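# Understanding the architecture of this molecule
The primary structure of each chain is shown beneath.
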Amino acid sequence: LRQTTLWSIGAIALSALLFAALEKNPHTLNFGKLLVGLAFVFQNSYAHLLYTQQWSFITSIMTPAEGALWFPGISGLSSLFTAISGSSVGLLVHKLGLAGLTACTVGTLVLTLICGERAYRTAYTHGFDPAAEMQRIKAEKAKKQKKLQKTTKKEPSSKPKKGEAAAELAPQKQEEETIITKARALFQRVPTLGALFFEVLSFQALSTILNVCMVTKLKEAIVDDMDRASWTGKFYAIINGVSGTFQFVLLPLLMKHIEPRLAWRLMPFLPLLCTIYTSFFQGSDPSLMILAFAFFAAKTMDYSVRGVANELVYTPLDFESRYLGKEIIGVLANRFGKSGMSLFLSMLSYGLGPAGFGVRQLTQLSTLVSGAWLGCCWYLSELVPKREQASATVEKRQQEMKKHQRQKKGT
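Residues numbered from 1 in each chain as written. Predicted model: local features only at pLDDT ≥ 70, side-chain atom pairs only at ≥ 80, totals over all residues. Heavy atoms only, no water.

On to the nonpolar core. With 66 residues, the main nonpolar core has Phe-187, Leu-193, Leu-196, Ile-209, Trp-264 and Ile-329 as its most contacted residues. Looking at this core, the element that brings in the most residues is helix 11 (residues 288-314), giving 15 residues. Among residues more than four places away in sequence, those in contact with Ile-329 are Phe-187, Leu-193, Leu-196, Phe-197, Val-200, Tyr-314 and Asn-334. Counting residues in each nonpolar core, the second largest holds six residues, with Ile-9, Ile-12, Leu-50 and Val-106 among its members. (Core = buried A, V, L, I, M, F, W, Y, C linked by side-chain atoms within 4.5 Å. Buried < 20%, exposed > 50% of the residue type's maximum accessible area, 1.4 Å probe, protein only. Helix = DSSP H or I, 4+ residues; strand = E, 2+ residues; numbered from the N terminus. Contact = heavy atoms within 4.5 Å.)

Quick look at the structure:
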């Protein structure tokens, strides 16, 4: 986390300096646009990576019962500060310029670094540092490897057998593994991660379709760009407001009394009912309000219930699953679900034309993908342990971490 944050601070600080230099030279407009695009791509990638690593730490130090209590509030505060930051961008960019706004981003990342260091120091002091688990696993692997080398040691003159030669090449092969190979091996070992991968993939595909449906209809219903932007801003403000209400008020109460697996099973039904209604009961020209409500239902579930339930899945898993697994799912499933579906819709629109592939066809496709999301959620719910089982697993892991940390201090 420290290294990722430092890389982000360095890259954004360099961008701020370049923006400041370019603002003084009006003849570098094209290069400035390119730099803004590169900075946006970098920010989008590293912001998600930072977010993933921070949540990995949080899920590592809390039990499922603690997570059900604290995760909604943490998500709610994140949504609140995101809304405040987003609403402040227009004011800040007029007063400080692009370079000043980017410098503000550096300031927030420095604050993130300080808070992250404090969190890890507190975890180490009180014996629940997640790094202790990683060190314990590495020590156990090294001990087993050393024991295996002693038992399989041969004379120097003896010719290595085929299996021994393969074993010698194993570390080199492991270094050359791609993220796809690592993901396949991890998902085979932990089926819950594989199920979560397809849940994320199907939901992001559904969200993309519903977004395209709403935006397409919005362009037809509201022609003026300013009015359309105003409508969109109010729409997302309502989503954030309702999601915040769920996160701060309802979710902490609900998650205490219902199992996470039940939450996974109930989540998809409202978006599914909305897509069925728009597909079969609205004719060939669904109204904007119905399409907007379908997207609203999906995003509200995503920002509130789904976000908390997602983090609770990781809580009882091992170190590699919580960190590497989360990063793989964040990079592959999230990105591929959005970009893959966007590419697919573009190909359909190009091949069939506006007359052959319009809002009506999009709503029908959304029903199909919504059903797929329901199936993925239901399968995932079968693999998610009950709260008592998950709590027992986490407590056992924390005891082992404390024991390893005491042994390390003793030596």
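On the surface, Leu-77, Leu-80, Phe-81, Ile-84, Phe-248, Val-249, Leu-250 and Leu-254 cluster together to form a nonpolar patch covering roughly 720 Å² of accessible area. When contributions to the nonpolar patch are tallied by element, the ones reaching two or more residues are helix 3 (64-125) and helix 8 (225-257). Residue position: Leu-250 is located in helix 8. (Patch = residues over 30% accessible without salt bridge, like charges linked within 9 Å, V, L, I, M, F, W, Y side chains within 5 Å. Areas by Shrake-Rupley, 256 points an atom, 1.4 Å probe, with all protein chains shown as cover. Salt bridge = Lys/Arg side-chain N within 4 Å of Asp/Glu carboxyl O.)

A few words on the environment of Ile-328. Relative to the helices and strands, Ile-328 is located in helix 12 (residues 319-356). The exposure class assigned to Ile-328 is buried, which follows from its relative accessible area of 1%. The spatial distance from the C-alpha of Ile-328 to the C-alpha of Phe-197 is 8.7 Å, given a sequence separation of 131 residues. Not counting residues up to four positions away in its chain, the partners in contact with Ile-328 are Ile-179, Lys-182, Ala-183, Leu-186, Phe-187 and Ala-333.

So, about the packing of aromatic side chains. One pass over the structure, following the stated rule, counts six aromatic pairs. Ring geometry for Phe-203 against Trp-373: centres 4.9 Å apart, planes inclined by 55°, an arrangement best described as tilted. Placement of the pair is Phe-203 in helix 7 (residues 191-221) and Trp-373 in helix 13 (residues 359-383), with a sequence separation of 170 residues. Judged by its relative accessible area of 0%, Trp-373 is buried. Aromatic side chains Phe-235 and Phe-295 sit 6.1 Å apart centroid to centroid with 15° between the ring planes, which places their arrangement in the stacked category. You can see Phe-235 sitting in helix 8 and its partner Phe-295 sitting in helix 11, a full 60 residues away along the chain. Residue Phe-295 is classed as buried on the basis of its relative accessible area, which comes to 2%. An aromatic cluster is present here, built from Phe-187, Phe-197 and Phe-198 joined pairwise through their rings. (Phe/Tyr/Trp six-rings, centres within 6.5 Å; stacked < 30°, edge-to-face > 60°.)

Looking now at the environment of Leu-186. Along the polypeptide, Leu-186 turns up in helix 6 (residues 179-189). On the basis of relative accessible area, Leu-186 is assigned to the buried category, the value being 2%. Apart from the residues lying within four places of it in its own chain, the contact partners of Leu-186 are Leu-193, Glu-320, Ser-321, Leu-324, Gly-325 and Ile-328.

Another point: the environment of Asn-211. Topologically, Asn-211 is positioned in helix 7. A relative accessible area of 27% places Asn-211 in the partly exposed class. Between the C-alpha atoms of Asn-211 and Ala-298, which are 87 residues apart in sequence, the distance is 9.9 Å. If we skip the residues at most four places from it in the chain, Asn-211 touches Tyr-236 and Phe-295.

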